[in-house]
Every structure is written in structure tokens, then in C-alpha cells.
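Observations on the model geometry
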Amino acid sequence: MATARLVEQSWLKRVLEVSLDDTERPYHVTYQGRGIGYEGVLVDGVIAARQTSYFWFVPRFPFRLSDQDAVIEVRVWPWLALRSLRLSVNGETLYSEG
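Residues numbered from 1 in each chain as written. Predicted model: local features only at pLDDT ≥ 70, side-chain atom pairs only at ≥ 80, totals over all residues. Heavy atoms only, no water.

Before going further, it helps to spend a moment on the overall build of the protein. For the protein, the helix and strand inventory stands at 0 helices and 9 strands. The N-to-C order of helical and strand elements in the protein reads β-β-β-β-β-β-β-β-β. The C-alpha atoms of the protein give 13 Å as radius of gyration, which agrees with the globular expectation for 98 residues (13 Å, within 12%). In terms of its C-alpha atoms, the protein occupies a principal-axis envelope of roughly 40 × 25 × 20 Å. For the protein, long-range pairs separated by at least 24 residues make up 22% of all intrachain contacts whose partners lie at least 6 apart in sequence. Per element, the accessible surface of the protein, about 5800 Å² overall, is 51% carbon and sulfur. In the protein, the 11 positive side-chain charges and the 12 negative ones have mean positions that sit 10 Å from each other. (Helix = DSSP H or I, 4+ residues; strand = E, 2+ residues; numbered from the N terminus. Rg over C-alpha atoms; globule rule 2.2 N^0.38 Å. Contact = heavy atoms within 4.5 Å. Areas by Shrake-Rupley, 256 points an atom, 1.4 Å probe, with all protein chains shown as cover. Lys, Arg positive; Asp, Glu negative; His and termini not counted. Charge placed at Lys NZ, Arg CZ, Asp CG, Glu CD.)

Put into C-alpha cells, the structure is as follows:
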């Protein structure tokens, strides 16, 4: 069974520890929304998805986690706080807040 748990939370940043069925060790998946003009998702410190965000925050980041399709979806309040964040792997929601 695949699982995800929050291990770090700060302003426009979340770090999740994700365990998949087919892997021995967990992955650290980071959503980083504080880049100047960009946002991104890192897997174990390596950029897995990155998009330019000149006018507002990008709502969806598809990426690969091991050999599986993953996506992080985010929504941000006008006062620059995370409204919601969801991590799905192969269509199954593993983590959700907001």
C-alpha cells in the first residue's frame, strides 16, 4: 500500500515522505512555491517538475515517482498562503490538505 506523510511544513513549501509498494526506501517529495518566477517539485532533492509562474501560481505539477505517474495540485490564497495541496500517484490520492 502506498502512503504519504507530511514531514515539513513552511510558507509555500511542503515536504512529504512517500512510500510506494514497489520500493524499499521512501522518497522525499517537496513542493516549493517560493521561487522567484517559478515553482517546482523535487524528488529527493532533484527537480522533477518546474514551471514558470509570472502572474500567479501554477495549479498542477505532473511528474514521475519511481516508474509511476504522480501529480501535485496546489491552490494558493491571494495573501500567499497555501489553500490546498494534494499528491496523487496513479490516480490514488496519498496526501491532501485544505
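On to a nonpolar patch on the surface, then. Together, Trp 11, Tyr 54, Phe 55, Trp 56 and Leu 80 give the surface a local cluster of nonpolar side chains, amounting to about 700 Å² of exposed area. Following the sequence through the fold, Phe 55 ends up in the loop between β5 (46-52) and β6 (60-65). With relative accessibility at 83%, the residue Phe 55 sits in the exposed group. (Patch = residues over 30% accessible without salt bridge, like charges linked within 9 Å, V, L, I, M, F, W, Y side chains within 5 Å. Salt bridge = Lys/Arg side-chain N within 4 Å of Asp/Glu carboxyl O. Buried < 20%, exposed > 50% of the residue type's maximum accessible area, 1.4 Å probe, protein only.)

Ranked by size, the top nonpolar core spans 27 residues in total, and within it Val 18, Val 29, Phe 63, Leu 65, Ile 72 and Leu 87 carry the most contacts. Every element with two or more residues in this core is listed here: β2 (13-19), β3 (27-32), β4 (38-43), β6, β7 (68-76), β8 (82-89) and β9 (92-97). (Core = buried A, V, L, I, M, F, W, Y, C linked by side-chain atoms within 4.5 Å.)

Under the counting rule described, the total for this entry stands at 7 salt bridges. Between Asp 44 and Arg 25 there is a salt bridge, with the nearest N and O atoms lying 2.9 Å from each other. Placement of the pair is Asp 44 in the loop between β4 and β5 and Arg 25 in the loop between β2 and β3, with a sequence separation of 19 residues. Overall, Asp 44 belongs to the partly exposed group, its relative accessible area being 34%. By relative accessible area, which is 46% here, Arg 25 ends up partly exposed. With a shortest N-O distance of 2.7 Å, Glu 73 and Arg 86 are connected by a salt bridge. Residue Glu 73 is found in strand β7, and its partner Arg 86 is found in strand β8; the two are separated by 13 residues along the sequence. Exposure remark for Glu 73: the relative accessible area of 24% places this residue in the partly exposed category. Residues participating in the shared-partner salt-bridge network are Arg 60, Glu 73 and Arg 86.

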